[in-house]
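Fold and geometry: a report
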Amino acid sequence: MARQINERGKRIRQVTAAHSPHKFAWYEGDPGQYAGLLAGKTMGPAASYEGLVEIKADDTVIVLGDGVNLRLHGDLERRPPKHQLLMEFQDGWATSASV
């Protein structure tokens, strides 16, 4: 996934965090503020480290741990109904993270 993110460099349009509560999903700070922190930023570069994926979004870093399923969705693809983090991009594509 880190390689795919590096190939794309997508600009984040909209973010939804903590949409579907899950007891094994932990957030740094208030997930309600994630949209304000990430909207308008460009994803990449990304790297993987021993079960973690670290994604830079301009001056912010997103870290996803082991057990998080990260999926890339095409512009016409339906988004999953349950997710813990959904980032939608300017080009209509999206990334969803679920535990």
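Read on for a plain summary of the structure. As the structure is a prediction and not an experimental result, all values here were calculated from the model.

1. Considerations on the nonpolar core
Ranked by internal contacts, the top residues of the largest apolar core, which has 18 residues, are Ile12, Ile55 and Met87. For isoleucine 55, the residues in contact, after removing those within four places along its chain, are Ile5, Met43, Gly44, Pro45, Ala46, Thr60, Val61, Ile62, Leu64 and Leu70.

2. Let's talk about the environment of methionine 87
With respect to the helices and strands, methionine 87 occurs in strand S6 (residues 85-89). Taking relative accessible area as the criterion, methionine 87 reaches 1% and is therefore assigned buried. Sequence separation between methionine 87 and isoleucine 12 is 75 residues, and the spatial gap between their C-alpha atoms is 6.5 Å. The residues touching methionine 87, leaving out its near neighbours within four places in the chain, are Ile12, Gln14, Val15, Leu38, Met43, Ile62, Trp93, Ala94 and Thr95.

3. Some details on the sheet that holds strand S3 (residues 52-57)
Pairing within the open sheet is antiparallel, and its three strands lie in the order S2-S3-S4. Two strands close off the open sheet at either side, each with one partner strand: strand S2 (43-49) and strand S4 (60-64). The average undirected angle you get between the axes of adjacent strands in this sheet is 20°. Sheet analysis places S3 next to S4, joined by five bridges and oriented antiparallel. In the sheet register, alanine 57 faces S4, and the bridge partner there is threonine 60.

4. Structural notes on the packing of aromatic side chains
All told, the structure shown has one aromatic pair when counted by the stated rule. Note on tyrosine 27 and tyrosine 34: the rings are 6.0 Å apart at their centroids and 70° apart in plane angle, and the pair reads as edge-to-face. Given the relative accessible area of 14%, tyrosine 34 is considered buried.

5. Some thoughts on the sheet that holds strand S5 (residues 69-73)
With antiparallel pairing, four strands are arranged side by side in an open sheet as S1-S6-S7-S5. Looking at the sheet topology across the chains shown, the edges are occupied by strand S1 (12-17) and S5. The mean inter-strand angle of the sheet, taken between neighbouring strand axes irrespective of direction, is 15°. Sheet topology places S6 next to strand S7 (residues 94-98); four bridges connect them, and they run antiparallel. Paired with methionine 87 across the two strands is threonine 95, which belongs to S7.

Conventions and cut-offs
- Residues numbered from 1 in each chain as written.
- Predicted model: local features only at pLDDT ≥ 70, side-chain atom pairs only at ≥ 80, totals over all residues.
- Heavy atoms only, no water.
- Core = buried A, V, L, I, M, F, W, Y, C linked by side-chain atoms within 4.5 Å.
- Buried < 20%, exposed > 50% of the residue type's maximum accessible area, 1.4 Å probe, protein only.
- Contact = heavy atoms within 4.5 Å.
- Helix = DSSP H or I, 4+ residues; strand = E, 2+ residues; numbered from the N terminus.
- Pairing = 2+ DSSP bridges.
- Axes fitted to C-alpha atoms, helices over the stretch in contact; angles between N-to-C directions.
- Phe/Tyr/Trp six-rings, centres within 6.5 Å; stacked < 30°, edge-to-face > 60°.

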